[in-house]
Amino acid sequence: MSLRASSNEAGVYRLVLIGAPASGKGSQAKLLAKKMGIYHLSTGAVIREHMRRGTELGERCREMMNEARLVPDEIVMEVVKSELEDDHVGYVLDGFPRTVDQAEMLDDWLGERGEKLNRVISLEVPKEELEQRVQSRVVCLDCGHPFQLGGRVNSVDEPCPECGGKLGQRSDDTIETFHQRYREFEELTIPVIDYYRRQGLLQTVDGGRKRDEVYGEIEKILDLQITRS
Ligand code: AMP
């Protein structure tokens with residue numbers, strides 16, 4: 001059974017992956033994008049790229065990004081609109097929306113275009129497991145792919161298994177930053193999960209397992225949508 005059937009009638013997939021910091025949403029979004037041929041939009045990665053290029057938007061975000069604080073909803077929405085304006089065969093949003101205001105802005109913008117999200121997947125992982133992951137997380141400094149030490153890589157000195165680039169640690173990957181982000185997740189993003197649950201779009205997935213097992217369940221969920229619709 002193909003994943004194609006989980007798109008809407010126009011054949012376009014609009015998915016949101018939501019979860020606490022280090023819940024694995026970046027890895028799962030990348031896998032989904034690769035296997036389904038859809039666009040992976042990580043708002044954090046786009047903003048980091050703006051900062052690297054020194055654009056005006058990047059400069060407006062720099063201080064907040066360095067302190068791991070959320071950037072204002074209007075700025076992130078600007079990023080999302082400009083990234084999604086072009087017609088994609090579909091997309092998976094990773095790291096957005098993170099507040100109910102952002103979710104409402106997204107709904108309004110999609111509504112103006114006569115579009116809707118297909119599915120929102122929430123990755124659930126116990127806090128203790130997240131803390132452990134943060135402490136063993138490395139990312140590729142070239143392609144941004146995240147890895148767990150002891151998983152596909154054993155040391156930060158190995159080349160990136162995805163692109164051969166150099167691995168390193170994200171400057172905002174400290175346990176203190178994690179706690180700040182987790183509080184923010186509880187306060188601002190859990191209400192977003194409830195928002196989508198009320199809309200009947202939400203599916204929860206146990207994200208505390210191996211990457212491929214989690215992905216298998218996400219695939220099943222998207223397939224389930226086929227048999228139901
Ligand atoms: P991430 O890569 O998703 O962990 O995001 C890194 C940083 O980008 C966050 O700490 C925020 O400063 C900013 N950011 C990314 N997405 C959003 C969002 N949806 N709302 C507000 N700030 C965001």
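Residues numbered from 1 in each chain as written. Predicted model: local features only at pLDDT ≥ 70, side-chain atom pairs only at ≥ 80, totals over all residues. Heavy atoms only, no water.

Asker: Can you tell me about the overall build of the chain, naming the residues and giving the values?
Answerer: A count of helical and extended segments in the chain gives eight helices and eight strands. In terms of C-alpha radius of gyration, the chain reaches 17 Å, essentially the compact-globule figure of 17 Å for 229 residues. Overall, the chain is about 45 × 40 × 30 Å in size when its C-alpha atoms are taken along their principal axes. Within the chain, buried positions represent 50% of all 229 residues. Excluding contacts between residues fewer than 6 apart, the proportion of contacts in the chain whose partners are at least 24 apart in sequence is 68%. Charge separation in the chain, taken as the distance between the mean sites of 32 positive and 41 negative side-chain charges, equals 4 Å. (Helix = DSSP H or I, 4+ residues; strand = E, 2+ residues; numbered from the N terminus. Rg over C-alpha atoms; globule rule 2.2 N^0.38 Å. Buried < 20%, exposed > 50% of the residue type's maximum accessible area, 1.4 Å probe, protein only. Contact = heavy atoms within 4.5 Å. Lys, Arg positive; Asp, Glu negative; His and termini not counted. Charge placed at Lys NZ, Arg CZ, Asp CG, Glu CD.)

Asker: Give a description of the side chain of Glu 115 that names residues and reports values.
Answerer: Locating Glu 115 in the fold gives a position in the loop between helix H5 (100-112) and strand E4 (119-124). A relative accessible area of 18% means that Glu 115 is categorised as buried. Among the polar contacts made by the side chain of Glu 115, one reaches the side chain of Arg 113 at a distance of 3.2 Å. If we skip the residues at most four places from it in the chain, Glu 115 touches Arg 14, Tyr 91 and Leu 110. (Polar contact = N/O pair within 3.5 Å; in protein donor to acceptor, adjacent residues only side chain to side chain.)

Asker: Got a sec to walk through the sheet that holds strand E5 (residues 137-140)? Specific residues and values, please.
Answerer: Read across the sheet, three strands follow the order E6-E5-E7 without closing on themselves; strand pairing throughout is antiparallel. With partners counted over all chains shown, the strands left at the sheet margins are strand E6 (146-148) and strand E7 (167-168), one partner each. Note: E5 against E6, three bridges, orientation antiparallel. Bridge assignment links Arg 137 to a residue of E6, and that residue is Gln 148. (Pairing = 2+ DSSP bridges.)

Asker: Can you tell me about helix H2 (residues 43-53), naming the residues and giving the values?
Answerer: Those residues of H2 that fall on the buried side of the exposure criterion are Thr 43, Gly 44, Val 46, Ile 47, His 50 and Met 51. All buried residues of H2 fall inside an arc of 165° around its axis, so they share one side. In H2, those exposed residues whose orientation departs by more than 90 degrees from the buried face are Arg 52 and Arg 53. Remark: Gly 54 follows H2 within two positions and exhibits a positive phi of approximately 70°. (Arc of directions from axis to C-beta.)

Asker: Lay out the sheet that holds E4 in plain terms, naming residues and giving numbers.
Answerer: Within the open sheet, the five strands sit side by side as E2-E3-E1-E4-E8. Their pairing is parallel. Strands with a single pairing partner mark the edges of an open sheet, and in this sheet they are strand E2 (39-42) and strand E8 (202-206). Strand-to-strand twist across the sheet, computed as the mean angle between neighbouring axes with direction ignored, equals 20°. Bridge analysis of strand E1 (residues 13-19) against E4 gives five bridges, and the strand direction is parallel. If you follow Leu 15 over to E4, its bridge partner there is Arg 119. Where helix H4 (residues 73-84) meets the sheet, it contacts E2 and strand E3 (90-94), and its direction lies at approximately 165° from that of E2. (Axes fitted to C-alpha atoms, helices over the stretch in contact; angles between N-to-C directions.)

Asker: Before we move on, could you go through the nonpolar core and cite the residues and values that matter?
Answerer: In this structure, Leu 93, Leu 106, Leu 117, Val 120 and Tyr 196 are the most contacted members of the largest nonpolar core, which totals 40 residues. Elements with a contribution of two residues or more to this core: E1, H2, helix H3 (56-66), H4, E3, H5, helix H6 (127-135) and helix H7 (175-198). Tallying contributions element by element places H7 first for this core, with seven residues. With residues up to four places along the chain from it excluded, the contact list for Leu 106 reads Met 77, Val 80, Leu 93, Phe 96, Pro 97, Leu 117 and Tyr 196. Core analysis: the second largest hydrophobic core is formed by 18 residues, Tyr 13, Leu 31, Leu 123 and Ile 221 among them. (Core = buried A, V, L, I, M, F, W, Y, C linked by side-chain atoms within 4.5 Å.)

Asker: Lay out the environment of Glu 124 with the relevant residues and their values.
Answerer: Tracing the sequence through the fold places Glu 124 in strand E4. Its relative accessible area of 42% is what places Glu 124 among the partly exposed residues. Considered as a pair, Glu 124 and Gly 19 are 105 residues apart in the sequence and their alpha carbons are 6.6 Å apart. Not counting the four nearest positions on each side in its chain, Glu 124 is found in contact with Thr 204, Val 205, Asp 206, Gly 207 and Gly 208.

Asker: Provide a residue-level description of the site of the ligand, including the pertinent values.
Answerer: Around the ligand, the structure places 15 residues, and the nearest of them are Thr 43, Met 65, Arg 69, Gly 95 and Gln 102. Here a nitrogen atom of the ligand and a backbone polar atom of Gly 95 are 2.8 Å apart. In the model, an oxygen atom of the ligand is placed 3.1 Å from a nitrogen or oxygen of the Arg 98 side chain. Here the ligand has 480 Å² of accessible area as a free molecule, and 96% of this is covered by the chains. Here the shell around the ligand takes three residues from H2, the largest share from any one element. Split by residue class, the shell around the ligand holds six nonpolar, four polar and five charged. (Near = heavy atom within 4 Å. Areas by Shrake-Rupley, 256 points an atom, 1.4 Å probe, with all protein chains shown as cover. Nonpolar A, V, L, I, M, F, W, Y, C, P; charged D, E, K, R; others polar.)

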